[in-house]
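Spelled out, the chains give:
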Amino acid sequence: MKIYLDGQFVDKEDAKISVFDHGLLYGDGIFEGIRVYKNCVYRLDEHLERLEYSAKAILLTMPWSREELSELVCESCRVNGLSDGYIRLIVTRGAGSLGLSPNSCPKPSLIIIADKIALYPPECYTDGLSIVTVPTRRTGPAALNPGVKSLNYLNNIMAKIEAAQAGALEAIMLNDLGFVAECTGDNLFIVHKGVIFTPDASNGALRGITRQAVIDLATSQGLEVREVNLTRYEIWNADECFLTGTAAELIPVVGLDSRTIGNGSPGAVTKKLHAAFHEEVSTHGTML
Ligand code: PMP
């Protein structure tokens, strides 16, 4: 495996960064998780746009143009012979002194890893997940804005640990007001009486690329999608529930907090959107 690191492709063993990198010292940096399907990178431009927005939000000046980053992502796949897989693009603040200030970091680092990923076992897609709500809250916009896809994932990691302690693979995180924000690494949707609902981004949901893809697909199929405030009550009483994410794609949820959702198996709308999503990713994208 060859990893792109600051201007060159290096072997996995040689892909190392400074212990003074503020990405390591403070989680000061940003990232994207991107998929390649059948030699086409899915919604690459949208991922790079979100990366630019994250960079702007944390006042990190990226010296690379969108075209350069786009080409490097594709080149990382080509170099590794990866036609189907997952690309992790990371921008760290770079190496500096031990103080918090990013002023000591003259040059951000760029890392691109092109690899395989399987987030959930196959049976989770056919049977659906049972998940839990965990105590750790999603950071609010007044703290670390949840729209920033930053290298600081401790909140989500705590929530993931709490999920595992409860025997679940994924967890719902609420915001400080008690509304549903999202899961630890996925966005959440429910279907109720034929209408699709998902937490509005201001509730602490990342503006997921897959989330938007599902909204676009559902809308194009004539389904109504509403971005709203949701509480756990709405999810317990939903007809269907599913999660979206670049790695997870679209995965059904059939239980939350010991309540069965709908009839306890993946619902018709979920299945229909999952099929439409598969069709979309295998026919759209930036060619390698
Ligand atoms: N929420 C969080 C916290 C995430 O880390 C991710 C990405 N893994 C998502 C939602 C899903 O976003 P996307 O569809 O862009 O992968």
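Residues numbered from 1 in each chain as written. Predicted model: local features only at pLDDT ≥ 70, side-chain atom pairs only at ≥ 80, totals over all residues. Heavy atoms only, no water.

Undergrad: Account for the pattern of salt bridges, with residues named and values stated.
TA: Side chains that differ in charge, positive against negative, can pair when their charged atoms come close. Applying the stated rule across the entire model yields 14 salt bridges. R50 is the partner of E32 in a salt bridge, and the nearest nitrogen-oxygen pair spans 2.8 Å. One end of the pair, E32, is in strand β3 (residues 29-37); the other, R50, is in helix α2 (residues 44-57), with 18 residues separating them in the sequence. Per residue, the accessibility class of E32 equals that of R50, and both read buried. With a shortest N-O distance of 2.8 Å, E75 and R78 are connected by a salt bridge. With a gap of three residues between them, E75 and R78 both fall in helix α3 (residues 66-79), about one helical turn apart. Since its relative accessible area comes to 36%, R78 is described here as partly exposed. (Salt bridge = Lys/Arg side-chain N within 4 Å of Asp/Glu carboxyl O. Helix = DSSP H or I, 4+ residues; strand = E, 2+ residues; numbered from the N terminus. Buried < 20%, exposed > 50% of the residue type's maximum accessible area, 1.4 Å probe, protein only.)

Undergrad: Lay out the domain arrangement of the protein chain in plain terms, naming residues and giving numbers.
TA: When the domains of the protein chain are assigned, the result is domain 1 (2-115) and domain 2 (122-280). Inter-centroid distance (C-alpha atoms) of domain 1 to domain 2 is 26 Å. Every contact between the two is made by 24 residues of domain 1 and, on the other side, 19 residues of domain 2. Buried area between domain 1 and domain 2, summed over both chains or domains, comes out near 1,600 Å², and the portion from carbon and sulfur atoms is 61%. Contact with domain 2 buries surface across domain 1, with F31, R43 and R50 losing the most and accounting together for 38% of the total. (Domains from an automatic or database assignment. Contact = heavy atoms within 4.5 Å. Buried area = accessible area lost by both parts, 1.4 Å probe.)

Undergrad: An account of the site of the ligand is needed here, citing residue identities and associated values.
TA: The full set close to the ligand counts 17 residues, and Y153, E182, I209, T210 and T246 are the nearest of them. A distance of 2.7 Å is found between an oxygen atom of the ligand and a backbone nitrogen or oxygen belonging to I209. In the complex, 93% of the free accessible area of the ligand, which totals 390 Å², lies under the protein chains. Elements that contribute at least two residues to the shell around the ligand include exactly α6 (209-220) and β13 (240-245). (Near = heavy atom within 4 Å. Polar contact = N/O pair within 3.5 Å; in protein donor to acceptor, adjacent residues only side chain to side chain. Areas by Shrake-Rupley, 256 points an atom, 1.4 Å probe, with all protein chains shown as cover.)

Undergrad: If you had to explain the sheet that holds strand β2 (residues 8-11) to someone new, which residues and values would you point to?
TA: Judged by pairing direction, the sheet is antiparallel, and its seven strands sit side by side in the order β2-β1-β6-β5-β3-β4-β16 without closing on themselves. Each having just a single partner strand, β2 and β16 (286-287) make up the two edges of the open sheet. Pairing between strand β4 (residues 40-41) and β16: two bridges, direction antiparallel. The residue of β16 that forms the bridge with V41 is T286. (Pairing = 2+ DSSP bridges.)

Undergrad: Now, about helix α5 (residues 154-165): what can you tell me, with residues and values included?
TA: Under the 1.5 Å per step criterion, the end-to-end length of α5 is 16 Å for 12 residues, consistent within 8% with the ideal 16 Å. Along α5, the positions that sit buried rather than exposed are N156, A159, E162 and A163. What you see down the axis of α5 is that its buried residues fit within an arc of 115°, all on one side. Exposed side chains of α5 directed beyond 90 degrees from the buried face belong to L154, A164 and Q165. The inward-facing, buried residues of α5 abut β7 (129-133), β8 (171-174) and β9 (180-183). The first or second residue beyond α5 is G167, which carries a positive phi of 80°. (Expected span 1.5 Å × (residues − 1). Arc of directions from axis to C-beta.)

Undergrad: An account of the pairing of β2 is needed here, citing residue identities and associated values.
TA: Remember that side chains alternate between the two faces of the sheet whenever the strand is regular. Bridge analysis of strand β1 (residues 2-5) against β2 gives four bridges, and the strand direction is antiparallel. When the sheet's bridge partners are listed, K2 is paired in β2 with D11. Count of turn residues in the β1/β2 antiparallel hairpin: two residues, of which D6 carries a positive phi of about 45°.

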